[in-house]
Amino acid sequence: KKKKKKKKKKKPLTMPAGGAGGAGGGGGAGAGGGKKIFIYQLDSYLGQVLGQHAKKHAAEGDERILCGCLTNPRSSVSWADSIIDKNDPSALKKALLSSDIIVYDISSDPQEATTALKILLKYDYAENPEDETEKVLIGVSNLLSWAGNSVKIPAADDEAAMSAYAEKMSHALTAEDHMDRRPHPNYKAQVAVENLIINKGNIKKDKLKTYVVWSGVQYGCGESVFHSLFKWAWLGTHMALPIIQPGSNKIPMIHVADLAGMVLEVALTCPTDLPNNSLLAVDKAECTLKEVAAAISSALQFGDVKECDQEEYLELMTQEKEPHINSVFLELNMSMTFKHGEVIGYGEESSSWVAGTGFVANIERVVNEYREWRMLQPVRVLFYGPPTSVWYPTEEGKLFLARDFAQEYNVTLIDTKELVKEYRNKPSYEEDPKLGTNLSVKLKEIEEDGEVPLELIVEAVQRKLATPACRNQGYVLENFPDSKEALEMLFDVDKVEPEGEGVAENEGGEPAAGEEPRAPLAPLPQTVFHLVAEEEFILKRISELPQEQAEAEGETEEKVLEGLKAFKEANLVDEEGVQQGCLGVYKSNRNKGCQQVVDIVCDNPLQFIQDKIRLSIGNPRNYDPEGPKRKREEERMRGEQAKQAEAEAKKKVLGSKEGVRWLKRRQEEEEASRTEREMKKQNDARKLARLQVGIGGRGAEEDGERVEEREGGERRRRGRIDKSAGGGARSAPLEVAAHEEISDRECPAHPHKGPPRSCQGPT
């Protein structure tokens, strides 16, 4: 007889006190005495700010354990204590049941929030009396649940419609109106989950509290909804930021750090007087879309805003793959009930607010956060050294370190000569108050080849450094300013006034209405690369330049040595070992932004110098920081492939007779090239020796005259030999070739004047 199987009753889900320490990445409240916080999307916009806020603002002795899941497995969240695999239901269940506070972003994962609620509802607290922790589930949602309550802006000439619109907008929606909310058609599932958390979670679970927090449009800490506007303004791709016309719709907003603080306070205090356990989190300002865009443009560009129709705007946002486009269509008059906010420390006059006065009033802070979180801080660099130290000789010609840096880090290179030409061609301020300047009028009064006064050059550099490109991405200067006077005129530095004299006041005062504002003092470079080069190195470098090129570029021996002397005198070290001159100003103005002065010894390989520069600055700070590294790797791979292809081609050819002849010719060419290089090296060495011995005295001139006389005589004698050998024996060219190696002495076997010397060629 077969035994009948008895049906077993399903036991309620139980969990030992302390939770799943192994699977969940640490115990709950019972395990360590602190709060364990589970955030489903640790690497999301809100998740990162909430997690870091929870760690940073923990009270002394309050150990907070943070765990959660990642939307992108490659994301880095170093502040989290453990990471849960969201595709592992068992590990996820254990992590939820071992946590004290659980936070889900309903707007991005409504289904996952529902699953978490079901797991918590199935947990039988009665059969686990040792588990005394009260669990709190908070669902954070957005205002698209209220999008249907938006009031459409009527035409300006329709007085009746405008009156009705004003009346509707006079009533501010609060959390008490949540039963009347009408969602956006695409967000009905979001509303269903909100109602589920508010109602279902509080039926019979005394130790499970659930809350819903409706968040205004979030901003700050790197941006989310308004990231496209920030990106366009920072890159300068849109000089006027686009908005949907007319842009007068009110958008309830909140700084994401304020939202994180409110969510955390609700979880920790579990307030009982919130209406239906819900909270509307918005700041105290009433900003319109146009005001928001204008504030971003003013901070990062010129303040221009462009109104466009809905189709054009949707096309722009589609190109940017902007997921939050529906948020900018909101037209809601909503306010936070501050009597409820006071319960969690966010009353109307509370000091807990990060940006309670709104987006526009805190735009400077918001822009700084955007740069910091996105790692887009401007790179301000100066290459400063004696003549010839700013470039490096390569096979392609001169490689200027400043220009090479500007290309790799995508920042503006300031060339004073080119800058003067640029501002000379600009319109006047009266002709174009936005892009024009009266500096162009002053420069046009000076001849193109004339000397430009220092104060005009300084003003041109100041105005250039105040442009959006230099403010956002940064700049690179090369050997300017080259004096302490120019430095103090250009930059915002601490000046040490002579004893007995006070600090000079701003002489001009504020400009009158309609006058052009004065150029502002520029921010100091963050990094100054001090190019260290000794006299011997500089003389050797200029000796390698052809005479015509050296004269054309102003790098003759005389000018270079004068510049070296002036550089050393301007940057002396006093008796107490204190650096003076420009270098002294940079080193003493760390509080003004000059973070480091890095010595670069020029007598090093180019690769070593470039690597030291990269190590001092770090990765490029833009939207593709790995781009330059990727480009260098691609160039290296192309070079290796070209060499490999050449080697394979050579290998194929060498087996034939033509290949043998080609190899012989190649060897002869290499031998001739090697001989030529050796002769050039010897000539450079002699030239350098003459420079070192005879610089600054008459002896050098006499030595040069004697050398020129001997070389001229030798050229004339060679001409006679060539002429005599024109129709004579075949051995004559061999004699000429052999004697070309004898530069300053002659062979006694031939009728030439000069001291005796053994001849190594055929006679």
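First, a word on what this report is: a plain description of the structure on this page. (Residues numbered from 1 in each chain as written. Predicted model: local features only at pLDDT ≥ 70, side-chain atom pairs only at ≥ 80, totals over all residues. Heavy atoms only, no water.)

**Description of the nonpolar core**
The biggest cluster of nonpolar side chains holds 74 residues, and the ones touching the most others in it are Phe38, Tyr104, Phe226, Phe230, Met253, Ile296 and Phe359. Those residues within four positions of Phe38 in sequence are excluded, and the remaining contacts are Cys67, Gly68, Cys69, Ile84, Leu92, Ala95, Leu96, Ser99, Ile101, Ile102, Val103 and Tyr104. Counting 38 residues, the second largest nonpolar core, distinct from the first, contains Val77, Ile138, Val266 and Trp353. (Core = buried A, V, L, I, M, F, W, Y, C linked by side-chain atoms within 4.5 Å. Buried < 20%, exposed > 50% of the residue type's maximum accessible area, 1.4 Å probe, protein only. Contact = heavy atoms within 4.5 Å.)

**Focus on unusual backbone geometry**
Of the consecutive residues Gln245 and Pro246, the connecting peptide bond is found in the cis state with omega at 0 degrees. Inspection of the secondary structure assignment puts Pro246 in the loop between strand S8 (240–244) and strand S9 (253–255). Residue Pro481 follows Phe480 across a cis peptide bond; omega there is 5 degrees. Of note, Pro481 is situated in the loop between strand S16 (474–478) and helix H19 (484–490). At Asn276, a position not held by glycine, the phi torsion is positive, near 55 degrees. For Asn276, the position within the fold is in the loop between helix H9 (256–269) and strand S10 (278–281). The backbone phi angle of Asn410 is positive, close to 55 degrees, even though this residue is not glycine. In this structure, Asn410 sits in the loop between helix H14 (401–409) and strand S15 (412–414). (Helix = DSSP H or I, 4+ residues; strand = E, 2+ residues; numbered from the N terminus.)

**Points about the packing of aromatic side chains**
Per the counting criterion, the structure on display carries 13 aromatic pairs. Ring centres of Trp146 and Trp214 lie 5.5 Å apart, and the angle between their planes is 90 degrees; this geometry places the pair in the edge-to-face category. In this pair, Trp146 sits in the loop between strand S5 (135–142) and helix H6 (159–169) while Trp214 sits in strand S6 (residues 208–215), placing the two residues 68 residues apart along the sequence. When its relative accessible area of 0% is taken as the criterion, Trp146 is described as buried. Three or more aromatic residues joined by ring pairs make a cluster, and in this case those are Tyr219, Phe226, Phe230, Phe359 and Tyr370. The cationic tip of Lys398 hangs over the ring face of Trp391; the distance from NZ or CZ to the ring centre is 4.4 Å. Above the face of the Tyr423 ring, Lys426 is positioned so that its terminal group lies 5.4 Å from the ring centre. (Phe/Tyr/Trp six-rings, centres within 6.5 Å; stacked < 30°, edge-to-face > 60°. Lys NZ or Arg CZ within 6 Å of the ring centre and 35° of its normal.)

**Focus on empty space enclosed by the protein**
This model, assessed by the stated rule, comprises eight cavities of 30 Å³ or more. Approximately 90 Å³ is the volume found for the largest cavity. Lining the largest cavity are Ile39, Tyr40, Gln41, Ser44, Leu46, Gly47, Leu50, Val103, Tyr104, Asp105 and Asp109. When residues of the lining of the largest cavity are traced back to their parent elements, those giving at least two are strand S1 (36–41), helix H3 (45–56) and strand S4 (101–105). (1 Å grid on protein atoms, 1.4 Å probe; cavity = no way out; pocket = protein on both sides within 12 Å on 5 of 7 lines; lining within 4 Å. Points joined across faces, edges and corners; volume = space filled by probe spheres on them.)

**What about a nonpolar patch on the surface?**
Where nonpolar side chains cluster on the molecular surface, the patch consists of Met239, Phe302 and Leu435 and spans about 270 Å² of accessible area. Turning to its location among the elements, Phe302 is positioned in the loop between helix H10 (289–300) and strand S11 (304–308). (Patch = residues over 30% accessible without salt bridge, like charges linked within 9 Å, V, L, I, M, F, W, Y side chains within 5 Å. Areas by Shrake-Rupley, 256 points an atom, 1.4 Å probe, with all protein chains shown as cover. Salt bridge = Lys/Arg side-chain N within 4 Å of Asp/Glu carboxyl O.)

**What about H9?**
Across its 14 residues, H9 extends 20 Å between first and last C-alpha, which sits within 8% of the 20 Å expected from 1.5 Å per residue. Burial analysis of H9 places eleven of its 14 residues in the buried class, the great majority of the element. Of all the residues in H9, the buried ones are Val256, Ala257, Asp258, Leu259, Ala260, Gly261, Met262, Val263, Leu264, Val266 and Ala267. Count one or two residues on from H9 and you reach Cys270, which has phi positive near 45 degrees. (Expected span 1.5 Å × (residues − 1).)

**Things to note about the packing of helix H8 (residues 227–235) against helix H13 (residues 363–373)**
Angle between the axes and distance between the axes are the two parameters that describe a pair of packed helices. Where H8 contacts H13, the two axes come as close as 12 Å, and the packing angle between them is 80 degrees. Judged by the angle between their axes, H8 and H13 are roughly perpendicular. Residues His227, Phe230, Lys231 and Trp234 of H8 touch H13, and the partners they reach there are Val366, Val367 and Tyr370. Across the contact of H8 with H13, the residue classes break down as five nonpolar, one polar and one charged. (Axes fitted to C-alpha atoms, helices over the stretch in contact; angles between N-to-C directions. Parallel < 35°, antiparallel > 145°, perpendicular 65-115°, else oblique. Nonpolar A, V, L, I, M, F, W, Y, C, P; charged D, E, K, R; others polar.)

**Side note on the side chain of Lys36**
Position of Lys36 among the secondary structure elements: in strand S1. Put simply, Lys36 is tucked away with no salt bridge, and the nearest opposite charge, on Asp100, sits 8.1 Å away. In this structure the side chain of Lys36 is engaged in a polar contact, spanning 2.9 Å, whose partner is the side chain of Ser98. (Lys, Arg positive; Asp, Glu negative; His and termini not counted. Polar contact = N/O pair within 3.5 Å; in protein donor to acceptor, adjacent residues only side chain to side chain.)

**Details of the pattern of salt bridges**
The final tally for this structure, using the stated rule, is 21 salt bridges. Notably, a salt bridge pairs Glu194 with Arg181, separated by 3.0 Å at the nearest N-O pair. One end of the pair, Glu194, is in helix H7 (residues 188–199); the other, Arg181, is in the loop between H6 and H7, with 13 residues separating them in the sequence. Residues Glu194 and Arg181 agree in their burial class; the two are buried. Of the charged contacts in the structure, one is a salt bridge between Asp492 and Lys592, with a shortest N-O distance of 3.4 Å. Of this pair, Asp492 sits in the loop between H19 and strand S17 (527–532) while Lys592 sits in the loop between helix H23 (581–587) and strand S18 (596–601); the two residues are 100 residues apart in sequence, bridging distant segments of the chain. Overall, Lys592 belongs to the partly exposed group, its relative accessible area being 30%. Within this structure, Lys442, Glu459, Arg463 and Glu516 form a network of salt bridges that share partners.

**Re the sheet that holds S10**
Taken in spatial order, the seven strands of this open sheet run S3-S2-S1-S4-S5-S6-S10, and their pairing is parallel. Two strands close off the open sheet at either side, each with one partner strand: strand S3 (82–83) and S10. Judged from the four bridges that link them, S6 and S10 form a sheet pairing that is parallel. The residue bridging Val212 from the neighbouring strand is Ser278, located in S10. Against the sheet, helix H4 (residues 89–97) contacts S1, strand S2 (65–69), S4 and S5, and its axis sits at roughly 140 degrees relative to S1. (Pairing = 2+ DSSP bridges.)

**Considerations on the sheet that holds S16**
In spatial order, the strands read S15-S16-S12-S17-S18; together these five strands make up an open sheet with parallel pairing. Looking at strand neighbours, the two that pair on one side only are S15 and S18, the edges of this open sheet. Neighbouring strand axes in the sheet, compared pairwise and without regard to direction, differ in orientation by 20 degrees on average. Here S17 runs beside S18; their pairing, made up of six bridges, is parallel. Along S18, the bridge assignment pairs Val528 with Val597. Most of the contacts of helix H17 (residues 454–465) go to S15, to which it runs at about 175 degrees, and overall it touches S15 and S16.

**Things to note about helix H24 (residues 606–617)**
Owing to its 3.6 residues per turn, the α-helix aligns residues three or four sequence positions apart on the same side. The end-to-end C-alpha distance of H24, which contains twelve residues, comes to 17 Å, matching closely the 16 Å that a straight helix rising 1.5 Å per residue would cover. All of the buried residues in H24 are Leu606, Ile609, Gln610, Ile613, Arg614 and Ile617. Seen from one end, H24 has its buried residues packed into an arc of 135 degrees, which puts them on one side. Once H24 ends, the next one or two residues include Gly618, with phi positive near 95 degrees. (Arc of directions from axis to C-beta.)

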